[in-house]
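Reading the structure
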Amino acid sequence: MAFISDALSRIKPSPTIGISNVAREMKAAGKDVIALSAGEPDFDTPQHIKDAAIAAIQRGETKYTAVDGIPELKAAICRKFERENGLKYKPSQVTVGTGGKQVLFNALVATINPGDEVIIPAPYWVSYPDIVSFAGGTPVPIATKAEHGFKVQPADLEKAITKKTKWLIFNSPSNPSGAAYSRDELKKVTDVLVKHPHVWVLTDDMYEHMLYDGFEFCTIAEVEPRLKERTLTVNGVSKTYAMTGWRIGFCGGPKALIKGMVTMQGQATAGISTVGQAAAAAALDGPQDLVRERQAIYKERRDLVVDMLNQAPGIACHKPEGAFYVFPNIAGCLGRTSRGGRRIETDTDFALALLEEKHVATVQGAAYGMSPYIRISYATDTASLRAACARIQEFCQSLR
Ligand SMILES: Cc1ncc(COP(=O)(O)O)c(C=O)c1O
């Protein structure tokens with residue numbers, strides 16, 4: 001009898017965490033590694049947010065809280081959804097988790113039955129298919145194309161929907177492609193969904209505030225209110241406020257779904273860290289100017305990285321609307337051999353050779369369901385980005 005469960009056997013460790021660990025070990029061994037692999041802002045958490053957490057500790061807020069979050073944070077989340085997204089949720093329609101990741105996990109594990117299908121446009125965030133598989137569902141990826149800006153085409157979505165489809169997982173701006181949908185593009189997606197009342201939508205809006213060149217964010221339930229009763233709007237403070245380590249994510253959705261998610265979380269991790277909740281409430285209710293200032297910095301970095309990558313022979317890099325990733329195509333580097341004698345047949349070979357020979361950590365597109373690409377996170381200081389892109393150019397130039 002196998003010790004490891006069937007459910008666990010269906011999933012694999014996150015490749016993003018894997019490559020980041022290798023990079024960390026190389027760094028610890030004294031190698032000059034530039035890690036462009038982690039999806040984590042290099043900025044610090046703003047001071048007023050840290051202060052709110054310290055004040056919570058001083059007030060003695062150090063005990064278990066309600067599983068779905070403290071009332072102050074839930075009220076701040078309702079205000080956020082109304083202010084920024086035009087969405088009215090009651091406190092009973094929102095819940096808080098240990099990061100956006102737990103929110104997604106709760107929603108999928110609380111609703112998926114064996115055989116249920118979940119549509120996931122590719123390239124996708126690595127965890128979506130694994131959580132679906134863990135829950136016993138079947139991930140149904142839909143390939144997108146660079147020439148469509150890596151955005152799902154309504155006809156392809158229509159074709160992928162079957163009687164077994166339970167969810168569409170939608171992510172704009174996207175990790176890993178940076179693609180973001182305009183209101184018109186989103187409307188075309190929602191027009192398909194309106195015709196299929198059994199399909200629920202999980203929209204992962206984690207990168208809402210990372211949009212450039214005046215691109216306006218919009219979300220499913222706002223663009224198509226008829227879908228609100230079957231949409232879970234997921235968001236969090238990790239990326240927007242540089243709070244990845246505080247582990248706070250949240251969502252708004254129909255009451256029955258929220259209740260199921262809270263039951264799930266109650267038997268897993270129960271209430272969320274009190275300190276993190278106080279910090280998240282301060283982030284959502286506090287001044288937002290730092291978010292805008294950082295947006296301007298990310299935009300400059302995106303432009304720099306896209307420009308430098310497009311000067312590397314064999315690489316073609318699309319300029320995305322948002323997030324802090326680019327997803328360059330490396331097809332022109334395949335079939336070649338690196339200076340260190342490594343044959344580059346796949347994007348995994350490329351990422352590994354680049355890490356070992358030029359000490360630049362990226363993640364292979366295969367991890368995101370689309371090859372031959374690599375994902376580069378530009379949430380790193382400009383000098384390191386410039387140096388890393390120069391190394392990538394040298395690496396590509398040296399391929400024979
Ligand atoms: C698309 C997407 N959704 C959700 C998450 C999870 O964020 P959190 O750190 O809040 O769990 C991430 C983090 O990388 C992400 O990229």
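A few points on the structure. Everything quoted here is computed from the prediction, not taken from an experiment.

**Some thoughts on the overall build of the protein**
Secondary structure summary: the protein contains 14 helices and 14 strands in total. Whereas a compact globule of 400 residues would reach a radius of gyration of roughly 21 Å, the protein reaches 21 Å, a difference of no more than 12%. Along the three orthogonal principal directions, the C-alpha set of the protein runs to about 60 × 55 × 55 Å. Accessible surface computed for the protein: about 16,700 Å², of which carbon and sulfur atoms make up 55%. Treating the 47 positive side-chain charges of the protein as one cloud and the 43 negative ones as another, the clouds have centres 2 Å apart.

**Considerations on the environment of Thr240**
Mapped onto the fold, Thr240 is located in the loop between strand 7 (231-236) and strand 8 (249-252). According to the relative accessible area criterion, Thr240 is buried, its value standing at 7%. Taking the C-alpha atoms as reference, Thr240 lies 9.1 Å from Arg294; in sequence the two are 54 residues apart. Excluding its chain neighbours within four sequence positions, the residues that come into contact with Thr240 are Met206, His209, Met210 and Val291.

**Section: unusual backbone geometry**
Cis peptide bonds are those with omega within 30 degrees of zero, and the linkage from Ala122 to Pro123 qualifies with 5°. Tracing the backbone through its elements, the reader meets Pro123 in the loop between strand 3 (117-122) and helix 6 (127-134). Even without glycine at this site, Ala242 takes up a positive phi of about 50°. The topology assignment puts Ala242 in the loop between strand 7 and strand 8.

**Quick look at the side chain of Thr380**
Checked against the element boundaries, Thr380 lands in the loop between strand 14 (374-377) and helix 14 (382-398). Sequence-distant contacts of Thr380, that is, excluding residues within four places in its chain, are made with Ala35, Leu36, Asp42, Arg301 and Leu385.

**Structural notes on the site of the ligand**
Lining the immediate environment of the ligand, one finds 13 residues, of which Gly100, Asp204, Tyr207, Ser238 and Lys239 sit closest. In the model, a nitrogen atom of the ligand is placed 2.5 Å from a nitrogen or oxygen of the Asp204 side chain. Considered on its own, the ligand offers 400 Å² of accessible surface; in the complex 92% of this is hidden by protein. Ranked by residues supplied to the shell around the ligand, first place goes to helix 5 (residues 99-111) with three residues. A breakdown of the residues in the shell around the ligand according to their chemical character gives four nonpolar, five polar and four charged.

**A short note on the pattern of salt bridges**
Across all of its chains, the model carries 30 salt bridges by this definition. Asp32 serves as the salt-bridge partner of Arg391, at 2.6 Å between the closest nitrogen and oxygen. In this pair, Arg391 is assigned in helix 14 and Asp32 in the loop between helix 2 (15-28) and strand 1 (34-35), connecting sequence segments 359 residues apart. Across the pair Arg226 and Glu224 runs a salt bridge whose closest N-O atoms are separated by 3.1 Å. Here Glu224 falls in the buried class, since its relative accessible area comes to 4%. Residues joined in a network through salt bridges with shared partners are Asp213, Lys299, Arg302, Asp303 and Lys319.

**Quick notes on the packing of aromatic side chains**
On inspection of all chains with the given rule, the structure shows 16 aromatic pairs. When the ring of Phe81 is compared with that of Phe250, the centres are 5.7 Å apart and the planes differ by 75°; the resulting orientation is edge-to-face. In this pair, Phe81 is assigned in helix 4 (residues 71-85) and Phe250 in strand 8, connecting sequence segments 169 residues apart. The exposure class of Phe81 is buried, given its relative accessible area of 0%. Seen in terms of ring centroids, Tyr207 and Phe324 are 5.4 Å apart; in terms of plane orientation they differ by 85°. Their pairing is edge-to-face.

**Observations regarding a nonpolar patch on the surface**
Judged by side-chain polarity, Phe3, Ile4 and Leu8 come together as a nonpolar surface patch covering roughly 360 Å² of accessible area. A residue is classified by how much of its surface remains accessible, and Phe3, at 82% relative accessible area, is exposed.

**Re the pairing of strand 7**
Burial analysis of strand 7 places six of its six residues in the buried class, the great majority of the element. Burial along strand 7 is two-sided: Thr231, Thr233 and Asn235 facing one way and Leu232, Val234 and Gly236 facing the other are all buried. Strand direction decides the pairing type here: strand 6 (residues 200-204) and strand 7, joined by four bridges, are parallel. In the strand pairing of strand 7, Thr203 is matched with Thr233. Bridge count for strand 7 against strand 8 is four bridges, and the pairing is antiparallel. The residue of strand 8 that forms the bridge with Asn235 is Phe250.

**Some points on the sheet that holds strand 13 (residues 363-364)**
Read across the sheet, three strands follow the order 9-14-13 without closing on themselves; strand pairing throughout is antiparallel. Each edge of the sheet is formed by a strand with only one pairing partner; in this case those strands are strand 9 (325-326) and strand 13. Here strand 13 runs beside strand 14; their pairing, made up of two bridges, is antiparallel. Bridge pairing in strand 14 links Val363 to Arg375.

**Details of the sheet that holds strand 7**
Pairing is mixed in the open sheet, where seven strands are placed in the order 2-8-7-6-5-3-4. Single-partner strands in this sheet number two, and they are strand 2 (94-97) and strand 4 (138-143). Strand-to-strand twist of the sheet, defined as the mean angle between neighbouring strand axes without regard to direction, takes the value 20°. Of the strand pairs in this sheet, strand 3 and strand 5 (residues 165-171) are connected by three bridges, and their pairing is parallel. Considered in strand 5, the bridge of Ile119 is made with Leu168.

The rules behind the values
Residues numbered from 1 in each chain as written. Predicted model: local features only at pLDDT ≥ 70, side-chain atom pairs only at ≥ 80, totals over all residues. Heavy atoms only, no water. Helix = DSSP H or I, 4+ residues; strand = E, 2+ residues; numbered from the N terminus. Rg over C-alpha atoms; globule rule 2.2 N^0.38 Å. Areas by Shrake-Rupley, 256 points an atom, 1.4 Å probe, with all protein chains shown as cover. Lys, Arg positive; Asp, Glu negative; His and termini not counted. Charge placed at Lys NZ, Arg CZ, Asp CG, Glu CD. Buried < 20%, exposed > 50% of the residue type's maximum accessible area, 1.4 Å probe, protein only. Contact = heavy atoms within 4.5 Å. Near = heavy atom within 4 Å. Polar contact = N/O pair within 3.5 Å; in protein donor to acceptor, adjacent residues only side chain to side chain. Nonpolar A, V, L, I, M, F, W, Y, C, P; charged D, E, K, R; others polar. Salt bridge = Lys/Arg side-chain N within 4 Å of Asp/Glu carboxyl O. Phe/Tyr/Trp six-rings, centres within 6.5 Å; stacked < 30°, edge-to-face > 60°. Patch = residues over 30% accessible without salt bridge, like charges linked within 9 Å, V, L, I, M, F, W, Y side chains within 5 Å. Pairing = 2+ DSSP bridges. Axes fitted to C-alpha atoms, helices over the stretch in contact; angles between N-to-C directions.

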